[in-house]
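# Notes for the structure review
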Amino acid sequence: MSQTILRVEGMTCNHCKMRAEKALQAVSGVESVKVDLAAKEAVVTGEAKRENLVKAIVDAGYTVVE
């Protein structure tokens, strides 16, 4: 099982954190998600493709910094 770390910009509150987590959990192949609001980071465990994770974050209204 692999782990993907995404730098997420645009999250400002706990609601944002929960929205980002929900968006990532909906991606096929995701086993678990942990979003750290202070670090602006999402750690995703599973076999999901990175581009699908990035799309989920962008569709939720946030930006992924490469």
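Just above, that's the structure.
The following refers to the structure shown. (Residues numbered from 1 in each chain as written. Predicted model: local features only at pLDDT ≥ 70, side-chain atom pairs only at ≥ 80, totals over all residues. Heavy atoms only, no water.)

Per the secondary structure count, the protein includes 2 helices and 4 strands. In the protein, the order of α-helices and β-strands from amino to carboxyl end is β-α-β-β-α-β. Its C-alpha atoms give the protein a radius of gyration of 10 Å, within 12% of the compact-globule value 11 Å for 66 residues. In the protein, which comprises 66 residues, the proportion classed as buried is 36%. Total accessible area on the protein stands at roughly 4,000 Å², and carbon and sulfur atoms take up 50% of it. (Helix = DSSP H or I, 4+ residues; strand = E, 2+ residues; numbered from the N terminus. Rg over C-alpha atoms; globule rule 2.2 N^0.38 Å. Buried < 20%, exposed > 50% of the residue type's maximum accessible area, 1.4 Å probe, protein only. Areas by Shrake-Rupley, 256 points an atom, 1.4 Å probe, with all protein chains shown as cover.)

Moving on to the side chain of threonine 4. Relative to the helices and strands, threonine 4 resides in strand β1 (residues 2-9). For threonine 4, a relative accessible area of 13% puts it in the buried group. Once you skip the residues sitting within four places of it in the chain, threonine 4 turns out to touch Ala42, Val43, Val44, Arg50 and Leu53. (Contact = heavy atoms within 4.5 Å.)

As a further point, take the pairing of β1. Where β1 meets strand β3 (residues 41-46), 6 bridges bridge the pair, whose relative direction is antiparallel. Of the residues in β3, the one forming a bridge with leucine 6 is alanine 42. Taken together, the 3 bridges between β1 and strand β4 (residues 63-65) define a ladder with antiparallel strand orientation. Its bridge partner being in β4, arginine 7 is matched across the sheet by valine 65. (Pairing = 2+ DSSP bridges.)

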